[in-house]
Amino acid sequence: MGWQDDLRSDEYMQVGKIIDIGKKKFGDFRTVFPWFIGAFIVLVGAVSAVYSIGPDEVGVRQRFGKYIGLSTPGLHVKLPFGIDRVTPIKVERVLKEEFGFTTMRPGVRARYDRVELEQSLMLTGDLNILDVRWVAQFKIKDPVKLLFATRNPLQNIRDISEVVMRRLVGDFTVDEVLTVKREEIDYLAQQELQKILDSYDVGIQIVTVKLLDVNPAEKVKPAFNEVNEAKQEKEKMINQAWEKYNKVIPKAKGEAEKTIHEAAGYAMDKVNRSKGEAERFLAALAEYVKAPEITKKRLYLETMMEVMPKAKEKYIIDAEQKSVLPLLDIGRKGGSKE
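Report follows, based on the coordinates. (Residues numbered from 1 in each chain as written. Predicted model: local features only at pLDDT ≥ 70, side-chain atom pairs only at ≥ 80, totals over all residues. Heavy atoms only, no water.)

### Examining the pairing of strand E1 (residues 50-53)
Threshold: Buried residues are those whose accessible area, probed at 1.4 Å on protein chains only, stays under 20% of the maximum for their type, while exposed residues exceed 50% and partly exposed ones sit between those limits. Helix and strand assignments come from DSSP, with helices taken as H or I runs of at least 4 residues and strands as E runs of at least 2, each series counted from the N terminus. Strand pairing requires that DSSP identify at least two bridges connecting the strands.
Here E1 shows one buried face, formed by Tyr51 and Ile53, and one open face, formed by Val50 and Ser52. Alignment of E1 against strand E4 (residues 74-77), held across four bridges, turns out to be antiparallel. Looking at the pairing, valine 50 lines up with valine 77 of E4.

As structure tokens, then:
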């Protein structure tokens, strides 16, 4: 067993040497460790003291939770280790909240979950159910009020917008919401939503409220489509009747006006001619009274001048001649010759 004791003794000596070396190294490390910790703290502090604000942002600065000012876009320095805290707020970007649907990425809409469908179903003024989907676009006009005036401003926008939209849809009939009143609802919703948010003083400016899709609920859509088809057929028949009316009635009115104007013109022509003849007769009568023989001869000559050019053959006979038959060339007209 002696050789075994010698072996154990050699092992103990080796372990002791290792422990001595470890103590020496650890002592050297304890000397360097505080400097390492200090450099790390300084590095972390330097990194946390520098921050940047984007071009479309404003930084809200807080010191121990208290508001101390705003930071403009660019690089800035603050007190490190959580003493100063800066919250960047995007004040130039137009943000939006969607109601009744969710956009996964631009141009692609996601499926609707049950919560969104319950949010979009609304009752109109004539007790019809519509599936209304809309967006509210807004900007942050006061970042300080946004952070400190209310706990959850985005949820406030969603809740108020839903209340306002339900009330406005309930003020109109289903046909009005689907067609002619959509722009009016957009405008009224924007104005009322802005008014309520201003009363809460949350620092948000509503840019626009826009109805995107307004459709009947799925369960009533077939019946609604049948009603719309009947209304469209009714409008079609009315339009066709008006088309025929517009073709026939204006034409008849035009012909009546034409006949009336022609009659008025004919009457005016006859009256003017009669007046002219009467005036001419009175003038001739006045001349006749002054010089009866001269006037009679003048009238005779004027009549001859009017009649003679129209006569084809002219015969001048003696006043003593009893008959004009011998003067006519009867043979030239096809009569017999002796």
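Resuming the write-up.
### Some remarks on unusual backbone geometry
Here the phi dihedral of leucine 127 falls at roughly 65°; this positive angle occurs in a residue that is not glycine. Here leucine 127 is to be found in the loop between strand E9 (121-123) and strand E10 (129-140). Phi at aspartate 201 is positive, roughly 60°, even though this residue is not glycine. Assignment of secondary structure puts aspartate 201 in the loop between helix H6 (182-200) and strand E11 (204-216). Classification of aspartate 201 as partly exposed rests on a relative accessible area of 36%.

### Topic: the environment of glycine 82
Assignment of secondary structure puts glycine 82 in the loop between E4 and strand E5 (84-90). Look at glycine 82 and you get exposed, because its relative accessible area is 60%. Between the alpha carbons of glycine 82 and glycine 65 there is a distance of 9.6 Å; along the sequence they are 17 residues apart.

### So, the packing of aromatic side chains
Keep this limit in mind: Note on aromatic contacts: the rings of Phe and Tyr and the six-membered ring of Trp form a pair at centre separations within 6.5 Å, being stacked when their planes are under 30 degrees apart, edge-to-face when over 60 apart, and tilted otherwise.
Tallied over the full model, the rule gives three aromatic pairs. On the numbers, 5.2 Å between centres and 80° between planes, the contact of tryptophan 242 with tyrosine 245 is edge-to-face. Of the two residues, tryptophan 242 and tyrosine 245 both sit in helix H7 (residues 221-290), three residues apart, roughly one turn of that helix.

### Section: the pattern of salt bridges
As a reminder, the rule being used: Any carboxyl oxygen of Asp or Glu that lies within 4 Å of a side-chain nitrogen of Lys or Arg is treated as forming a salt bridge with it.
This structure, assessed with the given rule, holds 17 salt bridges. In this structure, arginine 63 engages aspartate 84 in a salt bridge whose closest nitrogen and oxygen atoms are separated by 2.7 Å. Of the two residues, arginine 63 is situated in strand E2 (residues 57-63) and aspartate 84 in strand E5; the sequence distance between them amounts to 21 residues. A salt bridge links aspartate 131 to arginine 133; its shortest N-O distance comes to 2.4 Å. Aspartate 131 sits in the buried class, given a relative accessible area of 9%. Each of Asp56, Glu57, Lys90 and Arg93 takes part in a single network of salt bridges with overlapping partners.

### Quick notes on the sheet that holds E5
Convention followed: All axes are obtained by fitting lines to C-alpha atoms, using only the stretch in contact for helices, and the reported angles, taken between N-to-C directions, cover 0 to 180 degrees.
Strand order in the open sheet formed by three strands is E3-E2-E5, and the pairing between neighbours is antiparallel. Of all strands in the sheet, those with a lone pairing partner are strand E3 (66-71) and E5, marking the two edges. If you compare each strand with its neighbour and ignore which way they point, the axes differ by 25° on average. One ladder, built from five bridges, connects E2 with E3; its direction is antiparallel. The partner of arginine 63 across the bridge, within E3, is lysine 66.

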